[in-house]
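Descriptive analysis of the structure
These are the residues of each chain, in order.
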Amino acid sequence: MSPETQDFTAAPLLNHRRKKPGNVAGGAAAATGWIPSVWQRSSWISRMEKVISCFRRKPEAVTRLICFPWAGGGSIHYARWGNILNSSIEVFAVKLPGRESRAREPFFENMQQVVDEVISALLPLLTEKPFALFGHSFGALTSFAVADDLKRRHGLEPVHMFLSGASAPHSEIRINAPKRSELSDEQFLRWLTSVGGTPPELLANPEVLQLFLPALKADLQLVENYRCTKPDGPFLTCPVTCFDGKEDVPHDLQAWKDITSGGFTVRMFDGSHFYLKDAGNEKILLDYVTKTLETEEMDYL
């Protein structure tokens, strides 16, 4: 079995446990009585194993935390959170094509491809128990796009959204930001060095760069071409928490308030764009996520 995932065959496609009335995150599909065929179940498990890394399955978990990678990133950083967080939270880390076990697959070219694949793999599980979304930078925007599609097409929404290191998609700051994917390799490396988060010895290694840069540039091109207008009104009701590094370039975090009628919180950390790679910051962040989701769990139950 790949170290990036655990066996999903033990996970039921649908759990008919009683849902809290009016809890959209509980979903309506679980009440339909639909039972998947053996072929459907096998197909779904195959998609899950391809798209999701899960280091520790927790069948009794109350909430699932679904994490989306930063540009060029893999799933391992988040998947290991499953070994850190308590038994009430199960962590699924999204694994995009062009990296890790999917290195031979072509990169996605637009946001809808990301959305369609993630929802296709996760939808059966999203209807069985509450879920939260976490995304940093590129991942904040992909998690937003998934949440938008889930609400519009399936009537589902997370119990909480954790959005880190990114302006809201409709923000003028994001729309007018320079397109990093169009920089020359030399300019791109200078920018990458200034952002931090990548060891200098890796940036100085041509062989490593040959493996790393294509995924990063592909993700940046995808997200830079992603367009989203300011919503007429909030489409979510769940709380939203934004995280950012104090030394990072300014992000329009307040614009994220436009997407929800629920609570809105901003937490700032010491450090730059990859503040969350610092062990001390990570502990504070995960403690906050845990306490927040435990509160949401009490409300749900």
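Residues numbered from 1 in each chain as written. Predicted model: local features only at pLDDT ≥ 70, side-chain atom pairs only at ≥ 80, totals over all residues. Heavy atoms only, no water.

Of regular secondary structure, the chain possesses nine helices and seven strands. For the chain, buried positions account for 52% of its 301 residues. A separation of at least 24 residues holds for 80% of the contacts in the chain among residues at least 6 apart in sequence. Carbon and sulfur atoms provide 55% of the accessible area of the chain, an area that totals close to 13700 Å². (Helix = DSSP H or I, 4+ residues; strand = E, 2+ residues; numbered from the N terminus. Buried < 20%, exposed > 50% of the residue type's maximum accessible area, 1.4 Å probe, protein only. Contact = heavy atoms within 4.5 Å. Areas by Shrake-Rupley, 256 points an atom, 1.4 Å probe, with all protein chains shown as cover.)

What helix α6 (residues 185-195) keeps buried is the set Phe188, Trp191, Leu192 and Val195. Mapping the buried residues of α6 onto a view down its axis gives an arc of 100°, with all of them on the same face. Every exposed residue of α6 that faces more than 90 degrees away from the buried side is listed here: Glu186, Arg190, Thr193 and Ser194. Those residues of α6 hidden inside the fold are in contact with α7 (200-203) and α8 (206-224). Directly after α6, the chain includes Gly196, whose backbone phi takes a positive value near 80°. (Arc of directions from axis to C-beta.)

Spatially, β1-β3-β2-β4-β5-β6-β7 is the arrangement adopted by the seven strands of the open sheet, whose pairing is mixed. Both edges of this open sheet fall to β1 (52-53) and β7 (264-269), since each of them pairs with a single strand only. Note: strand β4 (residues 131-136) against strand β5 (residues 160-164), five bridges, orientation parallel. Each residue of the ladder has a partner; that of His136, found in β5, is Ser164. Each of β1, β2 (63-68), β3 (89-94) and β4 touches helix α3 (residues 111-126); the most contacted strand, β2, lies at about 170° to it. Set on the sheet, helix α4 (residues 138-154) makes contact with β2, β4 and β5; between it and β4 the angle comes to about 145°. (Pairing = 2+ DSSP bridges. Axes fitted to C-alpha atoms, helices over the stretch in contact; angles between N-to-C directions.)

A positive phi is found at Glu100, a non-glycine position, where the angle reads about 50°. Within the secondary structure, Glu100 sits in the loop between β3 and α3. We note that Ser137 has phi near 60°; this positive angle belongs to a residue other than glycine. In this fold, Ser137 is placed in the loop between β4 and α4.

This brings us to the pattern of salt bridges. Per the counting criterion, the structure on display carries 17 salt bridges. Arg152 serves as the salt-bridge partner of Asp148, at 3.3 Å between the closest nitrogen and oxygen. Separated by four residues within a single helix, Asp148 and Arg152 lie in helix α4, roughly one turn from each other. Owing to a relative accessible area of 18%, Asp148 belongs among the buried residues under this scheme. Where salt bridges share partners, they join Asp116, Asp148, Asp149, Arg152 and Arg153 into one cluster. (Salt bridge = Lys/Arg side-chain N within 4 Å of Asp/Glu carboxyl O.)

Bringing the packing of aromatic side chains into the picture now. In this description, a pair of aromatic rings is defined by centroid distance and the angle of the planes. Summed over the entire model, instances satisfying the criterion amount to 13 aromatic pairs. Pairing Tyr78 with Phe134 gives two aromatic rings, centres 5.6 Å apart and planes at 65°, and the pair type is edge-to-face. Placement of Tyr78 in helix α2 (residues 76-79) and of Phe134 in strand β4 is noted, with a sequence separation of 56 residues between them. A centroid spacing of 5.7 Å and a plane angle of 85° characterise the contact between Phe243 and Tyr288, whose relative ring orientation is edge-to-face. Within this pair, whereas Phe243 is found in strand β6 (residues 240-245), its partner Tyr288 is found in helix α9 (residues 279-300), the two being separated by 45 residues in sequence. For the pair shown, Phe243 and Tyr288 are each scored as buried. In textbook terms, an aromatic cluster arises when at least three aromatic residues are bridged by ring pairs, as seen for Trp70, Tyr78, Trp81, Phe134, Phe162, Phe243, Phe269, Phe274, Tyr275 and Tyr288. (Phe/Tyr/Trp six-rings, centres within 6.5 Å; stacked < 30°, edge-to-face > 60°.)

So, on to α3. What sets the pattern is the α-helix's 3.6 residues per turn: residues three or four places apart point alike. When the local axis directions of α3 are compared, the greatest deviation, roughly 40°, occurs at Ser120, which is followed within four positions by the proline Pro124. Taken as a whole, α3 has its buried residues at Met111, Val114, Val115, Glu117, Val118, Ile119, Ala121, Leu122, Pro124, Leu125 and Leu126. Its side-chain oxygen placed 3.1 Å from the backbone nitrogen of Gln112, Asn110 serves as the N-cap of α3. (Bend = angle between axes of the 7 residues up to and from the residue. Polar contact = N/O pair within 3.5 Å; in protein donor to acceptor, adjacent residues only side chain to side chain.)

The subject of this paragraph is the confidence of the model for the chain. When the pLDDT values of the chain are averaged, the result is 85; 84% of them are 70 or greater. Low pLDDT, under 50, characterises residues 1-7; the stretch is placed with 19 contacts to residues that sit more than four places away or in other chains. Within the model, the stretch residues 9-33 combines pLDDT values under 50 with 53 contacts to residues more than four positions away or in other chains. (pLDDT = per-residue confidence, 0-100.)

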